[in-house]
Each structure stands twice: as structure tokens, then as C-alpha cells.
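In case you want the letters, here they are:
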Amino acid sequence: MEKEIQFVSEKNVRLDEFLRTELPSAIKNNEPQQVFSNSKIRRLILAGAVFVNGRCVLRPAFELRGRSCVSVRFDSERFFFEKQPDDVAFELTAADILFEDENLIFLNKPARFPVEQTITGNRNNLHDALVDFLWRRTPSLRNAPYVGIMHRLDRTTSGVILFTKSRAVNAAISQIFQNHNLTKNYFAVVEEKKSGGNKKSFEVGESFSVKMFMGRVTGKSQQGKWGEVSQLRGGQFSHTDFKIVRKLRVEGRACLLLECNLHTGRTHQIRVHLASRNLPILGDTLYGGLEAKRLYLHSARLSFDLEQTHYDVSSPFLEVLETDKTL
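Remember, it's a predicted structure, so these values are computed and weren't measured experimentally.

Draft legend 1. Structural detail: the overall build of the chain. Summing up its helical and strand segments, the chain has seven helices and 17 strands in all. Burial status across the chain gives 44% buried among its 327 residues. Split by element, the accessible area of the chain, about 17900 Å² in all, is 47% carbon and sulfur.

Structural data, given as C-alpha cells:
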């Protein structure tokens, strides 16, 4: 049932802070206090449900000044429903560190675990886990150790991910990623089947490339999905090289293991490119893949040069597939 609640503010205050104070008392129900969490208030604003003086405001940090009329429109059933993410239980240990020096630390990220905090609430994530691990390792520190996020992997993707331990290298690392002065290799598992209208199956050793302009193809209020979008409509160029590494069975299905070499770094790039060739990744139901225990995409290798030091860090994947009896 959709509701609209109206407020009048006489203060100079941020919109999200105002709602956090006023909304709980205006909605009289038996729901626990956490339904009015910071993340829920933020999502309400970003969804376009909050109006100030009749105008929709999408910025949680919007400043209310003087007398302001604030109205909130929402579906109460949806507002009080929280979907529980299927994140894995994960505690970072020394075994998850692939390489570390005084400036950089490379971790082996598990699948189904977010890299950073999301707007869905107080959710365990890799960044916080690393901060906690480093602090436990050096308990004499008065403040939490610095950990910088330089790139991200989808929650569903596993493998090599890089964090910085010193702000001094952030600018250089950022330039490396922006200019793509690095090597990023992934592995993907797809179901073995015919390629579109082609009558032959892919063979081991076969290579192909996908190039397209990409952009978001769903609205902001929907689950993010990317696809081919013309350059005139804001699409960004993307390019991936693929090679069939071997045939294997995963979760009882005949599959192909593909090596993926990225020349650009667009959101969902590998997933979109493979789906465009009628080869969606196993477990990638968003792009037409079969349901599976996980989305089989793995960050296998990250390599670059920084201040006369060569970094080349890998994370095994084939060995995991062969030894994990649950797959």
C-alpha cells in the first residue's frame, strides 16, 4: 500500500539526517528500529520517493534551508521488506594474501562476497575484513590501518584483487588502471554448446575477440544490466580477447574453460561479451546463463609495473575446480 507522509522543517539540516530523525515517529508500527537504518533512508531518497517543496530530490546530502516542506511517498510493504543477500561467511586469514609489500596487498577474493560496504546495510565486506585483519596483526596501532580500494570485482567474482596500504601510491596505481597499463586475465566457465547458428562446437585452442560499445540498458531503479549501446547514445568502447583453454565438467555439465584478456575495463564486460556470443557464463542468470552454485568468473592474474618494481600476481582457478568436490 502506497503512503505519503509530509513534514515541515525549519532547520538547516541534511535531508537524510532530517528523515532519520523524523520518519520513525511518523510511521507508527511494530517494526524493529533497524528498518530506519542509514542505508534504508538513503535508498528511499535515491529511488525518487522524497520531495522537497514539490521537487523530487535524489541527493541524500541535499541541504534543507529555512522552511521546507518535505514529503515521502513509498510502498510500506516493500519498504519494510529486506532481501537477505546470499553472501558467503568469510574471515580473512594470512592464507588469503597472495602477495604483500609495504605499499600493496593482493588478496584472493572469494565468490559471493562484496568488496566494500553497500547501501543494503551493515554488510560484511572484503575491505572491512582487510582493515580488521591488519589491525589484529598490529594491535599496537592507535588508529585503524589505511586500506585503499583501487579497483573492484563484482560480488560474484572470485580471484586476485588489489588494495593499497599507503596513500602515497594511490595516484600512480589509479593512472595504471585508467590508462590500462597492466595485464588483467580472467577465467570463465561456460556451458559447452553450439555457437549461435554455427554447426560446429568450439575447439580447445580456438580464439576469438569481442569489441562493442557498451552502456547500461536498465533503469536506475532496476538491477544493473549492461549491453551493447551505440557510441551516439553514450556507449563506451570495450574489447576482450578469449581463448578456449580446455573442456571440463562443472556441476555435472559439459563446459568450456575460457581465458579472458581484457583490453578495457567496463562494468560486466566479460559477462556481456560472452553472452553476445551465445556463451553466457555458468551461473550468470542475469545474462542468460544456467543457474549454478556460483557465477563461474575468476580474476586469475594481475600484472603491472610500479616505480621500477614488476608485480605479477596470480590466483589458481583450475585447481579449485578440480579439487572442490561440491561443484
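Draft legend 2. Seen up close, the packing of aromatic side chains. Here the structure, examined in full by the defined rule, presents 11 aromatic pairs. For the ring pair Phe 99 and Tyr 311, a centre distance of 5.9 Å and an interplane angle of 75° mean the geometry is edge-to-face. With Phe 99 in strand S7 (residues 97-100) and Tyr 311 in strand S17 (residues 309-314), the pair connects residues that are 212 residues apart, well separated along the chain. What links up through ring pairs into an aromatic cluster is the set Phe 99, Phe 106, Phe 304 and Tyr 311.

Draft legend 3. Representation of the nonpolar core within the structure. In this structure, Leu 107, Phe 163, Val 189, Phe 208, Leu 258, Ile 270 and Leu 274 are the most contacted members of the largest nonpolar core, which totals 50 residues. Those residues within four positions of Leu 107 in sequence are excluded, and the remaining contacts are Leu 92, Asp 96, Ile 97, Leu 98, Leu 126, Leu 130, Gly 159, Val 160, Ile 161 and Phe 163. Within the second largest apolar cluster, 20 residues are counted, among which are Ile 5, Leu 44, Val 52 and Leu 64.

Draft legend 4. Seen up close, the pairing of strand S15 (residues 253-262). With seven bridges connecting them, strand S11 (residues 183-191) and S15 associate as antiparallel partners. Its bridge partner being in S15, Val 190 is matched across the sheet by Leu 256. One ladder, built from 10 bridges, connects strand S14 (residues 236-250) with S15; its direction is antiparallel. The partner of Arg 246 across the bridge, within S15, is Leu 257.

Draft legend 5. How the structure looks around the pattern of salt bridges. The tally for this structure, following the rule as stated, stands at 13 salt bridges. Here Arg 14 ties to Asp 16 by a salt bridge, and the two come within 2.6 Å at their closest N and O atoms. The exposure class of Arg 14 is partly exposed, given its relative accessible area of 31%. Residue Asp 16 is classed as buried on the basis of its relative accessible area of 7%. In this structure, the salt-bridge partner of Arg 20 is Asp 16, at a minimum N-O distance of 3.8 Å.

Draft legend 6. Local environment of helix H6 (residues 269-276). The buried fraction of H6 amounts to six of the eight residues, a majority that puts the element mostly inside the structure. Among the residues of H6, those classed as buried are Gln 269, Ile 270, Arg 271, Val 272, His 273 and Leu 274.

Draft legend 7. Spatial organisation of the confidence of the model for the chain. Confidence along the chain averages 86 in pLDDT terms, with 86% of residues attaining 70 or more. Predicted confidence for residues 30-34 stays below pLDDT 50, and this span has two contacts to residues more than four positions away or in other chains.

Draft legend 8. Highlighting helix H1 (residues 15-26). Relative to the 16 Å expected for 12 residues at 1.5 Å per residue, H1 spans 16 Å between its end C-alpha atoms, a close match to the ideal helical length. The complete set of buried residues in H1 reads Leu 15, Asp 16, Phe 18, Leu 19, Leu 23 and Pro 24.

Draft legend 9. Looking closely at the pairing of S11. Among the nine residues of S11, seven are classified as buried, and the element is accordingly described as predominantly covered. Pairing geometry for S11 and strand S16 (residues 297-306), over six bridges, is antiparallel. Following the sheet pairing, Asn 185 is matched in S16 by Arg 301.

Draft legend 10. Quick peek at the side chain of His 273. Note that His 273 resides in helix H6. A relative accessible area of 0% means that His 273 is categorised as buried. In this structure His 273 touches Val 210, Met 212, Met 214, Ser 238, His 239, Thr 240 and Phe 242, once residues within four positions along its chain are discounted.

Draft legend 11. Highlighting the side chain of His 298. The residue His 298 is located in strand S16 in this model. The class for His 298 is buried, based on a relative accessible area of 3%. Separated by 3.0 Å, the side chains of His 298 and Ser 315 make a polar contact. Beyond its immediate chain neighbours, meaning those up to four positions away, His 298 contacts Asn 108, Thr 157, Ser 158, Gly 159, Asn 185, Tyr 186, Phe 187, Ser 315, Pro 316 and Phe 317.

What counts and how
Residues numbered from 1 in each chain as written. Predicted model: local features only at pLDDT ≥ 70, side-chain atom pairs only at ≥ 80, totals over all residues. Heavy atoms only, no water. Helix = DSSP H or I, 4+ residues; strand = E, 2+ residues; numbered from the N terminus. Buried < 20%, exposed > 50% of the residue type's maximum accessible area, 1.4 Å probe, protein only. Areas by Shrake-Rupley, 256 points an atom, 1.4 Å probe, with all protein chains shown as cover. Phe/Tyr/Trp six-rings, centres within 6.5 Å; stacked < 30°, edge-to-face > 60°. Core = buried A, V, L, I, M, F, W, Y, C linked by side-chain atoms within 4.5 Å. Contact = heavy atoms within 4.5 Å. Pairing = 2+ DSSP bridges. Salt bridge = Lys/Arg side-chain N within 4 Å of Asp/Glu carboxyl O. pLDDT = per-residue confidence, 0-100. Expected span 1.5 Å × (residues − 1). Polar contact = N/O pair within 3.5 Å; in protein donor to acceptor, adjacent residues only side chain to side chain.

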